[in-house]
Amino acid sequence: MLDAALIERALEKTGKSKGGLARAMGVRAGAVSEILSGIRLIKASEIAPIMEYLELNSVPIVGRVGAGASIQPELEQVPPEGLGEIELPFPMTEETVAFEVSGDSMLPKYENGDVIVVYREQRYPLSSFYGEEAAVRLKTGERYLKTIERGSSSGTVNLKSFNAKPINGVKLEWIGEICVTLPRGQIERLRGKTAAKGRKSARAQGGRSSEK
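As the structure is a computational prediction, the values presented were derived from the model and not from experiment. (Residues numbered from 1 in each chain as written. Predicted model: local features only at pLDDT ≥ 70, side-chain atom pairs only at ≥ 80, totals over all residues. Heavy atoms only, no water.)

1. Structural notes on the overall build of the protein
Across its full length, the protein holds 5 helices and 10 strands. The proportion of buried residues among the 212 residues of the protein is 40%. Look at the contacts in the protein between residues 6 or more apart in sequence, and 63% of them connect residues 24 or more apart. For the protein, the exposed surface amounts to about 11900 Å²; the carbon and sulfur share of it is 50%. Distance from the positive charge centre (30 side chains) to the negative charge centre (27 side chains) of the protein: 3 Å. (Helix = DSSP H or I, 4+ residues; strand = E, 2+ residues; numbered from the N terminus. Buried < 20%, exposed > 50% of the residue type's maximum accessible area, 1.4 Å probe, protein only. Contact = heavy atoms within 4.5 Å. Areas by Shrake-Rupley, 256 points an atom, 1.4 Å probe, with all protein chains shown as cover. Lys, Arg positive; Asp, Glu negative; His and termini not counted. Charge placed at Lys NZ, Arg CZ, Asp CG, Glu CD.)

Below is the structure:
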């Protein structure tokens, strides 16, 4: 949900100005202050430029989550900056991160190369996730995408797959609640759109430089 509070946090996080946002929106300078104070509503035509200027639709892909594969973060070959970002067609809360699915044990619902967007921090107790699919990190460090079931002893769970043997009697350190799932094909289209936008921006900047 795009609202004044989200815009204000994004301005602070990115260090961008209200004046710059107003220019991106194509409105007078005071309009942004009016939105932040609740005097003025955001128009539908203004949502896209607000999202783009404040990068509200960008989610970092911080690593992989195993659906068949066992992802051990200390051995994972991921650069410090992560696996890149995805730009969604809608705003996302800054409390989310993304993981790329690795493996095929959760077919047909999740395929190798799909991306799941999850909440960075676990927001609810373990018991509320029984019977639900989620990204999880075990106490021993491995990361998986599995269905969480109650274990046979206190504090343990069984992790179920659609196409693999369950992992029984393990303890979880973290549960990443899934809020968006993006199929691999959609990810490729979104990345292509982002690349095209980057090329267009570079050409525009080059044109401005040649005019000087």
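2. Section: the packing of aromatic side chains
Applying the stated criterion to the full structure yields 1 aromatic pair. Centroid distance Phe99 to Trp174: 6.1 Å. Interplanar angle 55°. Geometry classified as tilted. With Phe99 in strand 3 (residues 96-102) and Trp174 in strand 9 (residues 172-176), this pair connects stretches of sequence that are 75 residues apart. Of the residues examined, Trp174 reaches a relative accessible area of 8% and is grouped as buried. Positioned above the aromatic ring of Tyr119 is the side chain of Arg123, whose terminal nitrogen or guanidinium carbon lies 3.7 Å from the ring centre. (Phe/Tyr/Trp six-rings, centres within 6.5 Å; stacked < 30°, edge-to-face > 60°. Lys NZ or Arg CZ within 6 Å of the ring centre and 35° of its normal.)

3. Brief notes about the packing of helix 2 (residues 18-25) against helix 4 (residues 44-54)
Taken N-terminus to C-terminus, the directions of helix 2 and helix 4 make an angle of 135°; their axes are 9 Å apart at the nearest point. Relative to helix 4, the element helix 2 is oriented oblique. Remark: the crossing between helix 2 and helix 4 carries right-handed chirality. Every residue of helix 4 that contacts helix 2 at Gly20, Leu21, Ala24 and Met25 is listed here: Glu46, Pro49, Ile50, Tyr53 and Leu54. Its residues assigned to classes, the contact of helix 2 with helix 4 comprises 7 nonpolar, 1 polar and 1 charged. (Axes fitted to C-alpha atoms, helices over the stretch in contact; angles between N-to-C directions. Parallel < 35°, antiparallel > 145°, perpendicular 65-115°, else oblique. Left-handed = near helix turned anticlockwise from the far one by under 90°. Nonpolar A, V, L, I, M, F, W, Y, C, P; charged D, E, K, R; others polar.)

4. Digging into the UniProt feature "domain: HTH cro/C1-type" (unreviewed entry) in the protein
Within this structure's numbering, the places UniProt gives as "domain: HTH cro/C1-type" (unreviewed entry) are residues 7-62. Strand forms 9% of residues 7-62 and helix 61%; the C-alpha atoms that close the span are 24 Å apart. (UniProt positions renumbered as here; feature names shortened; annotations may be inferred.)

5. Here we look at the pattern of salt bridges
The tally for this structure, following the rule as stated, stands at 8 salt bridges. Between Arg40 and Glu46 there is a salt bridge, with its nearest N and O atoms 2.6 Å apart. According to the relative accessible area criterion, Glu46 is buried, its value standing at 4%. With a closest N to O distance of 3.1 Å, Glu177 and Arg123 form a salt bridge. A residue pair is termed long-range when its members are at least 10 positions apart, and Glu177 in the loop between strand 9 and strand 10 (178-182) and Arg123 in the loop between strand 4 (115-119) and strand 5 (133-138) qualify at 54 residues. Here Arg123 falls in the partly exposed class, since its relative accessible area comes to 39%. (Salt bridge = Lys/Arg side-chain N within 4 Å of Asp/Glu carboxyl O.)

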